[in-house]
Each structure stands twice: as C-alpha cells, then as structure tokens.
Amino acid sequence: MTPYNKKLSVSTSPFLKAEDTTPEIMMTVVYTLVPVVLVALYYFGLGALLVILTAVFSCLFTEWLFNKPGQRYATLKDGSALITGLLLALTLPPGFPLWMVFIGGFVAIALGKVMWGGLGQNIFNPALLGRAFLQAAFPTAITTWSPPDGRYFSLRGTNGALPFFQGTNVDAVTSATPLARMKFDHLPTDSLDLLLGATGGSLGETCALLLLLAGVFLLLKKIIDWRIPLAILLTVVVFSGIVHLVNPEIYPSPVFMVLSGGLLLGAVYMATDLVTSPITPKGTWIFGIGIGVLVVLIRLWGGLPEGVMYAILLMNAATPLLNKFTRIRTYGYTN
Amino acid sequence: MATSTYNGKTFTFKHGVHPEEFKDLSSHCAIQRMPFVEEYILPLGQHIGAPSTPLVTKGQKVARGQKIASPAGFVSVALHAPVDGEVSGIGLFANPSGQMVPGIKIRTDPYSTQKMAAVPVDLESLDNKGFINAVQEAGIVGLGGAAFPSHVKLAIPEDKKCDYIMLNGCECEPFLTADHRVMVEHPEEIIDGILILNKFIKARKAFIGIEVNKPDAIAALQKLAATSRFPVEVIQLAVKYPQGAEKMMITAILGKEVPHGKLPLDLGVLVANVGTVKAIADYFRLGQPLIERIVTVTGTAVKNPANILVPLGTPMKDVIAWSGGVTGDAARILLGGPMMGAVQKTLDTPVVKGTSGILILGNDLVKDITEYNCIRCGRCVEACPLYLNPSMMGLLAKKGRWEEMLDYHVLDCFECASCSYVCPSGIPLVQSFRVAKGILREKAAKEKTAGQS
Ligand code: SF4
Ligand code: SF4
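**Q** Can you tell me about the nonpolar core, naming the residues and giving the values?
**A** All names here are of chain B. In this structure, Ile68, Phe131, Leu154, Ile208, Phe284, Ile358 and Ile360 are the most contacted members of the largest nonpolar core, which totals 85 residues. Of the residues forming this core, the biggest block, 8 residues, is contributed by helix α4 (residues 187-201). Residue contacts for isoleucine 358: discarding those within four places in its chain leaves Val295, Thr296, Val297, Thr298, Met316, Val319, Ile320, Ile333, Leu334, Leu335, Leu347 and Val351.

Take a look at the structure:
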C-alpha cells in the first residue's frame, strides 16, 4: 500500500527553503546594471559597447578556462563572472584599448577570484583588482578620457589599438573628469550634469541618478547591506562637508564629492560586494566609514584625483580582521 | 488585570525567519479519536532519561491505564497500557530514531473500551513531593516534542523561585496544528492545569504565549483567563520561526535573555507546553495517565490532513491509513515539523510520547538543492535567533576544523535550521553543525574518561 517504502531517500531537515538562490541574487544585480550600461552606450556609443563586451567576454572566458575540464561551464551559471565583467567595464574609460580590457578581465578573474579558490573565497573585489592592475600597468591609457560627445557609431581612436600599443587619442584633450578639474584647477562641475551623467569619466561613473536608483532597489530587495552605502555616503558628506566649510575656495562641496567620480558606483556595487565586505553588522559600519574617510583623504590630499578604488581595496584587505574582531555577541553571553 | 503592559500588543524576539506555514491544511480539523488497532508497541524509553523498568510479563492481561513499567530513577517516568489486552511480547522493536530498543507489545482485547479503572488523584492530600511523584507516576513528559520528564522541571530546588509559569502555545513549526487544536478545544483543561501547577509552584503569574496566526486559540484562552482566580495573561506573539523555542519565547515575553549555561528557572520562569499542562489536568481531574496524545497528520502528500487523538504505541502506518492514506507522490516521512523533524525510513514504528506530528511531504517540497560556495551574504547571520555566525561555522565545518567551531559557540546552536532555510547558496549549515556537535561531544566524553583513568 505504501509507495514511499520503495525508495525513500533519507536526507535531513529542514525541508523548507527560502526562495532566493545565489544565481538569482547575482542575476538581479546584473539586471540593475542594464540601465547603467544603456546610459553608458547613450553617452559613449560604440566604444562603450566594445569595452563592455570585451570585459564580459574576457571574464567569462577566464572563468571557463580555469574550471576543470568536464565542468567548464559549471560556475559560469552562478553569474558572478558576468557581474565582474560588467563592473570592470564600468570603471574603464570609453576609449580604452580593447586588448587592455581583455587583460583586465583576465587578471580580475584569475588573480581576483580563481587564485583564492573561487566564488566566495577571495578577499578583494575582483573587478577592482582588475582595474587596479590596469591602472598600474597602463597609467596613461586609463586616465585618458573622451568626452560624452554622442558619436555613437564611430570608434574612439584608441579602442582598436593593437596589442602592446596605446593608440593615439585624438579627442581627449578637453575632457578631464570633473574630479580632475576640481583637483588640479579647482573648477567645479554643475550638479545637474553630474546627476544625469553628461560629464567625462569612466563608463559607469557618469549618471549618478541611475546609480542612486539602482542602489535603492538593491537595498529594498535586501541584496546589498544598507549599512555600507549609508556609512560611506554619510562619512563622505560629513567629512568633506567640514573641510568644505573650513575653506570653500579650495575644497569641493559634499554634493560634488558624492555625485562625482566612482563614489556611487563604488558605494552601491563594489563596496557592497557580499564576498569582500564584512558579515557582522558592526564590521560593516566600520568598513563603510573606513571607505568614506579614505576616499576623502585620497581625493583631497592624495596624489590622485580619485580614490574610491583604493579605498575599497584597502578596506577589503581589512575585512577578515573586521570579521574576526567584531564578533556578534551570542545570545545569553555578556559580550 | 486591568493594567498590563502586554495588552493587545504583539511581541517577538530578534532575527528568525518566515517559512511558509502550511497550517491551513489541518488547523480547522477538529480532533478525532482514533479507534483501537490490533497491536501496540510501547518502547520503554519514550522520554529523555533512563528507560522505564517493565512490570509485566509475556501473556499477562493488562487494562487500559494500567502501569506496565515504572520509572528507573528520578529522570525517568512510568509507562501505561493504552488499551485492554494481553502482553504479547517483550523485546526489541524499532523506534522512531531507527534503533532497536526494548519495548512492550500489547495485543488488543477486541472488547476493549475507552473506560479506565482510574480514579482522580486527591490534590488536597498531596504535598510538594507527593505532587512531583504523582506527575512522574502519570508518565507525563513535555509533549512539545522534547519528551523531557515534566516532574523534573517541577521539582524546583530550594534556592530557586519560580515567578512565572509560561505556557508555550506558539507551535511555530510549519504544518503542525496539534497544540492549536488543544487550545481551541480544551482551554478549560489548560487553565485548570495552570491552577493545579500553581497550587505547588506558587508563582506570581502565568503567561500563555501564542502566535497571532491562531486567533481562535487566543480568544478561547483570553476569555477564560479573564475570569481566572489566578492571574493568567495571554500574550500575542509574532508569527516567526522559531518563536516556540523556549529561549525565544522567554525573550519575547520578558525582554531578557536566558544566560549561557543557565536555565529558565534562573530567570524565575517555568516553561511548559500547552498540551503537557492539559495532560497534567487530565491526570489530576480524571485519573488518566499519559496514554494518548494528539498527533497532526499532515503534509502535501497526505490525502486528508487531520489532528488525531492517538493511543500511544499505535503504529504510524495505521494512523496514516486511518486518516485516509497518502497520495502517490509521497517523498519523505518526517516526525515533527519540516524545519526540525526527523526523517523516517519506515512507518512501522509507533507513535510515542514525543510524536507531535507525522508529516508526509510530496515531491513538491523535496527538491534537489544545488550547492554553491558561501557568498557571505550574511543572511544566515541575520536569521540566527542565537546570534551565531553560521557562515563562519559552515566554512570551518567544511574543512573539518571542529575545534575552532567551539570558539564560535557551535555548542549553543539548538539546530533550529533557520540558517539553512535562508542560505541562497544551499549550504547544509545546520546539517553540518549537527555533525560537528556530535564529534565535539564525543571528543569531550573521551577526554573525560581518559582523564579519569
Ligand atoms: S546564508 Fe549561506 S551564502 Fe549567505 S553567508 Fe550564510 S552561509 Fe554564506
Ligand atoms: S541552526 Fe543553529 S546556527 Fe542555524 S540558525 Fe539555528 S541556532 Fe543559529
């Protein structure tokens, strides 16, 4: 009478499971990046498209390459390499030579993730690690910005540079990023332009408004920890606000600090990377505040116009320690 | 009782999860009494502690309610025959945890009736010690699932004082509705049980904690509490898993944590399941020892979900068959709820004192879960009601670094499975903590014996 006596596999409870799965979480992040990508295409045209496609291809290819034969595609499905590719592309200038993009993607996955043991094991955000490598290897190319000039279908001069060449950039002269203009010439940029993204910069550094919206969406979906972007933004606003009050001539306003450069991209997508941010609530606060402080320090007094990348990588490095020292108090214990 | 800080508000603990409830399947089903079957198997160790000592021999006639085994020591209880009949065997039988354990088999007398030779116990003649003894002789254990002998909890040491009697009517496990039905159909017995307990415990007040998904139970008990001679307050608790864990309920109601290594009694609290208190009332009012219990038979592969009053020792397959059987889709049998229940290989084992539900899940709920690496999303941390770090413990468990898990208080984990429930990477967290705890305990025991020799 009992069909269940025949073959009853004996796994253990629980038998209920929350619906979210890791690939779904990753894909949600990817979906929120679609509008950001579209804006990049709108401002930078074909060059942006090529950079994005190359970065994504490179990351997926590298992931595939390092998987065991027989299960080459296994980890491609979790979506994390796709995110790394997209994020890496968004940190690059639109005219960046594609062969360099490819190397960046390779480094991001190989040194940023595979080397640590794969998804979840790495200490540094892979996309940022790839970008840091590119910055070190190709300092000129990565700070050569093209203006968002609406040339959709023509290639940027440097995209097609042959491997080991940089290409000559014919149109970048006038388009330093808002941060560079501020830092070196003390020229502010209109806040509205910053919000909408009509400024020079990396692909994803331009449209602050979209990034804010994406951030809110991810917060509501509970995919990213609200404490991290909040801590970063508050810290930047307060810290740079004080400095701005002291000397508004030299130091930019907090609004500018938040809207310009990679801060929002970093605060929403990079610092909140689940893997490389602390897991304890207290650690998360320290992590966010740390990034905020470092960003302001580097931007205002460091040698570089932008510091989001290094700020996040530095705090990534501190994450294992933060996890260790900000233990959550167990129920029933006094500390 | 005009002023109370609790009035109308809903309380809860921090963290926890919200699994789908599935209670609608059986929450409206009135308790049905199951008729006698041909044979009963009564394991001697249905409770935590030493198995009872048999008092009968093969071939002996026994009567319903007759004591057939007596407590073997203080942490042990008596066992009674659930039917009139004849002892047809004393030997080893499979118990629900899959081992062969000593037990008594009774062949039912076809003319057995519900009648019992029992007489109510005269409460007035009992002193504290006599009361505790009576509860032990009645075979009463915690009916919430733990099956811990009730009289042991009631034996309050001289230096401790119980201020609050706290009744657990949360029933936070999905699917289960046995306690719910007891509260709806037997509220008088529950209040009576509180009064009986308090005659000896002399607490200041009693609380009954009920999740707000049981409004009929709340209403029924509130009505009686309003006119009770002793202050009884029904507390509405949020629907959240594991609200029914003893610690979580205490924290929700008193706003205090049970300190590590201490008992609820150290906070002046005595916790008992509503069904247990009803069993105590039944014994002192009717003289009926613990010979039957309410079992929820439910699941997505059960034809007619039901709440059934089952004589202890009834083979589970008979209970299921009587309820209407299973659908062809049955994939897993569980004792208890889907979060903490124990998987069964067969249904030949009997219903025992700790059987709160028989759950038969269909393939809809038994899915293959793909496991991914931990992405440190922290969802398990936000879920753990004890503020443990399941992510970290999971990583350590995977590498077999058991000792380090001690640092993360793995031994405090009470295996509620909230962490495994939320993990998007499908990591068997609680499953690995069970293994770790087993290994660590074994190690500790070995070291202890090595130290002694
Ligand atoms: S829920 Fe799972 S994936 Fe997320 S941190 Fe915990 S163990 Fe890791
Ligand atoms: S099973 Fe243990 S670690 Fe997991 S949530 Fe429950 S108490 Fe916490």
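There is more to say after this.
**Q** Kindly report on the site of ligand 2, identifying the contributing residues and their values.
**A** Residues and elements named next belong to chain B. Near ligand 2 you find 15 residues, and of these Cys384, Cys413, Cys416, Ala417 and Cys419 are the closest. Listed by contribution, the elements that provide at least two residues to the shell around ligand 2 are α10 (390-398), α12 (418-422) and α13 (429-452). Its residues placed into classes, the shell around ligand 2 shows 13 nonpolar, 1 polar and 1 charged.

**Q** Describe the pairing of strand β12 (residues 232-237) of chain B, listing the residues and the values that go with them.
**A** All names here are of chain B. Of all 6 residues in β12, 6 are buried; the element is thus mostly enclosed. Burial of the side chains of β12 extends over both faces: Val232, Val234 and Gln236 are buried on one face and Glu233, Ile235 and Leu237 on the other. Sheet topology places strand β1 (residues 10-11) next to β12; 2 bridges connect them, and they run parallel. Across the sheet, the residue bridging to threonine 10 is glutamine 236, located in β12. Inspection of the sheet shows strand β11 (residues 205-211) paired to β12 by 6 bridges, in the parallel sense. Bridging from a neighbouring strand, glycine 209 pairs with isoleucine 235 of β12. Each parallel crossover has a hand, and the one from β11 via helix α5 (residues 215-226) to β12 is right-handed.

**Q** Quick rundown of the sheet that holds strand β15 (residues 306-311) of chain B? Include the residues and the values.
**A** All names here are of chain B. An order of β2-β15-β14-β18-β16-β17 is seen for the 6 strands of this open sheet, with the pairing classed as mixed. The open sheet has two edge strands with one neighbour each: β2 (32-33) and β17 (342-344). Summarising the sheet, strand β16 (residues 330-335) and β17 pair through 3 bridges and their orientation is antiparallel. If you follow leucine 335 over to β17, its bridge partner there is alanine 342.

**Q** I'd like a description of the interface of chain B and chain A, backed by residues and values.
**A** Put simply, an interface is often sized by how much accessible area is lost when its parts join up. On the chain A side, the residues contacting the 66 residues of chain B number 40 residues. A combined buried area of about 4,500 Å² lies between chain B and chain A, and 58% of that area is made up of carbon and sulfur atoms. By the criterion of area lost to chain A, the three top residues of chain B are B:Ile375, B:Arg376 and B:Arg379, representing 15% of everything that side buries. Among the salt bridges present, the one from A:Arg329 reaches B:Glu257, with a minimum N-O distance of 2.8 Å. For the side of chain B that touches chain A, the element with the most residues is β16(B), which contributes 5 residues. In terms of residue class, the side of chain B that touches chain A is built from 37 nonpolar, 16 polar and 13 charged.

**Q** Please provide a residue-by-residue account of the domain arrangement of chain B, values included.
**A** All names here are of chain B. Looking at chain B, the domain boundaries give domain 1 (130-286) and domain 2 (379-452). Domain 1 and domain 2 are separated by 29 Å when their C-alpha centres are compared. Each side of the interface is counted separately: domain 1 has 7 residues, and domain 2 has 7 residues. Taken over both partners, the interface formed by domain 1 and domain 2 buries close to 540 Å², and the fraction arising from carbon and sulfur atoms is 61%. Between the two partners, domain 1 and domain 2, sit 0 salt bridges. In this structure, the connection of domain 1 to domain 2 is made through 2 residue pairs in polar contact (both at pLDDT 80 or more). Grouping the constituent residues of the side of domain 1 that touches domain 2 by class yields 4 nonpolar, 1 polar and 2 charged.

**Q** Help me get a handle on the packing of aromatic side chains, residues and values and all.
**A** Here a ring pair, both rings aromatic, is described through the centre-centre distance and the interplanar angle of the planes. All chains considered together, the criterion is met by 17 aromatic pairs over all chains. Arranged with centres 6.3 Å apart and planes meeting at 35°, the rings of A:Phe57 and A:Phe102 form a pair that is tilted. A residue pair is termed long-range when its members are at least 10 positions apart, and A:Phe57 in helix α1 (residues 22-66) and A:Phe102 in helix α3 (residues 98-110) qualify at 45 residues. With a centroid separation of 6.0 Å and 25° between ring planes, the pair formed by A:Phe61 and A:Trp64 is classed as stacked. Here A:Phe61 and its partner A:Trp64 are both found in helix α1, 3 residues apart, which amounts to about one turn of the helix. The rings of A:Phe57, A:Phe61, A:Trp64 and A:Phe102 are connected pair by pair, giving a single aromatic cluster. The side chain of A:Arg327 reaches across the aromatic face of B:Tyr408, ending 4.0 Å from its centre.

**Q** Any chance you could break down the site of ligand 1 for me, citing the residues and the numbers?
**A** Ligand 1 sits among 13 residues. The nearest are B:Cys374, B:Cys377, B:Gly378, B:Cys380 and B:Cys423. Around ligand 1, the neighbouring residues derive from chains A and B rather than from a single chain. Of the residues contributing to the shell around ligand 1, the split by class is 9 nonpolar, 3 polar and 1 charged.

**Q** Describe in detail helix α2 (residues 80-90) of chain A, supporting the description with residues and values.
**A** Residues and elements named next belong to chain A. Counting buried positions along α2 yields 10 of 11 residues, so the element is predominantly enclosed. Those residues of α2 that sit buried are Ser80, Ala81, Ile83, Thr84, Gly85, Leu86, Leu87, Leu88, Ala89 and Leu90. Buried residues along α2 sit in contact with α1, α3, α4 (126-137) and α11 (263-270).

**Q** Explain unusual backbone geometry residue by residue, including any values.
**A** Cis geometry is found at the peptide bond from A:Ser13 to A:Pro14, where omega equals 5°. Following B:Tyr241, the chain continues into B:Pro242 via a peptide bond in cis, with omega recorded as -5°. One can find B:Pro242 in the loop between β12 and α6 (246-254). Located in the positive-phi region is B:Ala147, a residue other than glycine, with phi close to 60°. By the secondary structure assignment, B:Ala147 is in the loop between α1 (128-137) and α2 (150-154). Even without being glycine, B:Ala417 reaches a positive phi, approximately 75°. In this structure, B:Ala417 sits in the loop between α11 (402-407) and α12.

**Q** Any chance you could break down the confidence of the model for chain B for me, citing the residues and the numbers?
**A** Residue and element names in this part refer to chain B. The pLDDT averaged across chain B works out to 92; a share of 98% of its residues lies at or above 70. Highest mean pLDDT in chain B belongs to β15 (97); lowest belongs to β17 (87). In the model output, the complex is listed with pTM 0.88 alongside ipTM 0.84.

**Q** If you had to explain α11(A) to someone new, which residues and values would you point to?
**A** Taken across its 8 residues, α11(A) has 8 buried, putting it largely inside the fold. All buried positions along α11(A) are accounted for by A:Leu263, A:Leu264, A:Leu265, A:Gly266, A:Ala267, A:Val268, A:Tyr269 and A:Met270.

**Q** Give me the lowdown on the sheet that holds strand β9 (residues 100-108) of chain B, citing residues and values where you can.
**A** Residues and elements named next belong to chain B. Spatial ordering of the open sheet is given by β3-β9-β8-β5, a layout of 4 strands whose pairing is antiparallel. Since the sheet does not close on itself, it has two edges, and those belong to β3 (39-43) and β5 (61-62), each with one partner. Sheet analysis places strand β8 (residues 85-94) next to β9, joined by 9 bridges and oriented antiparallel. Residue pairing in the sheet places glycine 85 in a bridge with threonine 108 of β9.

**Q** Can you tell me about the pattern of salt bridges, naming the residues and giving the values?
**A** Considering all chains together, one arrives at 24 salt bridges over all chains under this definition. Among the ionic pairs, B:Lys199 bridges to B:Glu124, the shortest N-O distance being 3.5 Å. Here the residue B:Lys199 occupies a position in helix α4, and B:Glu124 occupies one in the loop between β9 and α1, the gap between them amounting to 75 residues. Judged by its relative accessible area of 31%, B:Lys199 falls in the partly exposed class. Judged by relative accessible area, B:Glu124 falls into the exposed class, the value being 61%. One salt bridge in this structure joins B:Lys398 and B:Glu371, with 2.7 Å as the shortest N-O distance. Of this pair, B:Lys398 sits in helix α10 while B:Glu371 sits in the loop between β18 (357-362) and α9 (379-383), and the two are 27 residues apart along the sequence. Residues joined by salt bridges that share partners form a network here, namely A:Asp225, A:Arg227 and B:Glu382.

Quick notes on the rules
- Residues numbered from 1 in each chain as written.
- Chains lettered and ligands numbered in written order.
- Predicted model: local features only at pLDDT ≥ 70, side-chain atom pairs only at ≥ 80, totals over all residues.
- Heavy atoms only, no water.
- Core = buried A, V, L, I, M, F, W, Y, C linked by side-chain atoms within 4.5 Å.
- Buried < 20%, exposed > 50% of the residue type's maximum accessible area, 1.4 Å probe, protein only.
- Helix = DSSP H or I, 4+ residues; strand = E, 2+ residues; numbered from the N terminus.
- Contact = heavy atoms within 4.5 Å.
- Near = heavy atom within 4 Å.
- Nonpolar A, V, L, I, M, F, W, Y, C, P; charged D, E, K, R; others polar.
- Pairing = 2+ DSSP bridges.
- Right-handed = clockwise from strand over helix to strand, strands pointing away.
- Buried area = accessible area lost by both parts, 1.4 Å probe.
- Salt bridge = Lys/Arg side-chain N within 4 Å of Asp/Glu carboxyl O.
- Domains from an automatic or database assignment.
- Polar contact = N/O pair within 3.5 Å; in protein donor to acceptor, adjacent residues only side chain to side chain.
- Phe/Tyr/Trp six-rings, centres within 6.5 Å; stacked < 30°, edge-to-face > 60°.
- Lys NZ or Arg CZ within 6 Å of the ring centre and 35° of its normal.
- pLDDT = per-residue confidence, 0-100.

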